[in-house]
Amino acid sequence: MDIPLTGSLFSLDSALTLILCVLAIEAFGLLVWSARDASAPRFANLVGNLVSGAFLVSALKLAVNSAPPAAILLCLTGSLFGHLFDLSRQVGRKS
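Residues numbered from 1 in each chain as written. Predicted model: local features only at pLDDT ≥ 70, side-chain atom pairs only at ≥ 80, totals over all residues. Heavy atoms only, no water.

Q: Explain the environment of Leu 84 to me, using residue names and the numbers behind them.
A: Its place among the elements puts Leu 84 in helix H3 (residues 69-94). Taking relative accessible area as the criterion, Leu 84 reaches 43% and is therefore assigned partly exposed. Considered as a pair, Leu 84 and Asn 49 are 35 residues apart in the sequence and their alpha carbons are 9.8 Å apart. (Helix = DSSP H or I, 4+ residues; strand = E, 2+ residues; numbered from the N terminus. Buried < 20%, exposed > 50% of the residue type's maximum accessible area, 1.4 Å probe, protein only.)

Q: Go over helix H1 (residues 12-36) with me, naming the residues and quoting the values.
A: Over its 25 residues, H1 extends 36 Å from the first C-alpha to the last, a length consistent with the 36 Å expected when each residue adds 1.5 Å. All buried positions along H1 are accounted for by Ala 15, Leu 16, Leu 23, Ala 27 and Leu 30. Check the buried side of H1 and you find it contacts helix H2 (43-64). (Expected span 1.5 Å × (residues − 1). Contact = heavy atoms within 4.5 Å.)

Q: Before we move on, can you summarise H2 with the specific residues and values?
A: The end-to-end C-alpha distance of H2 is 31 Å, a good match for the 32 Å that 22 residues give at a rise of 1.5 Å each. Along H2, the positions that sit buried rather than exposed are Asn 45, Gly 48, Leu 50, Ser 52, Val 57, Ala 59, Lys 61 and Val 64. Where H2 ends, the next residue or the one after it, Ser 66, has phi of about 55°, a positive value.

Q: So, the nonpolar core: which residues are in play, and what are the values?
A: Leu 16, Leu 23, Ala 27, Leu 30, Leu 50, Val 57 and Val 64 together form the largest nonpolar core, which totals seven residues. If one sorts the elements of this core by residue count, H1 sits on top with four residues. Residue contacts for Leu 16: discarding those within four places in its chain leaves Val 57, Leu 60, Lys 61 and Val 64. (Core = buried A, V, L, I, M, F, W, Y, C linked by side-chain atoms within 4.5 Å.)

The structure is reproduced here in structure tokens:
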């Protein structure tokens, strides 16, 4: 299945924007849930995954829109730091 990059009713760029919006809504929902319910997962334990995912989707969105390589690299670096934050939280919990 070939997904057109531009010129259609629902382009890849629009899909990536929708994914970023869903990620933002998910982050807000998790933040509210963790603030209201003590048995909910702590938001700090989830933020690394959310941030790294958002940066990866942003990097893909930039690449689809022919952004400068430096901008894409910044997003990929942000994703790396999100993953490293997540790993540090997981290692800290197991010690």
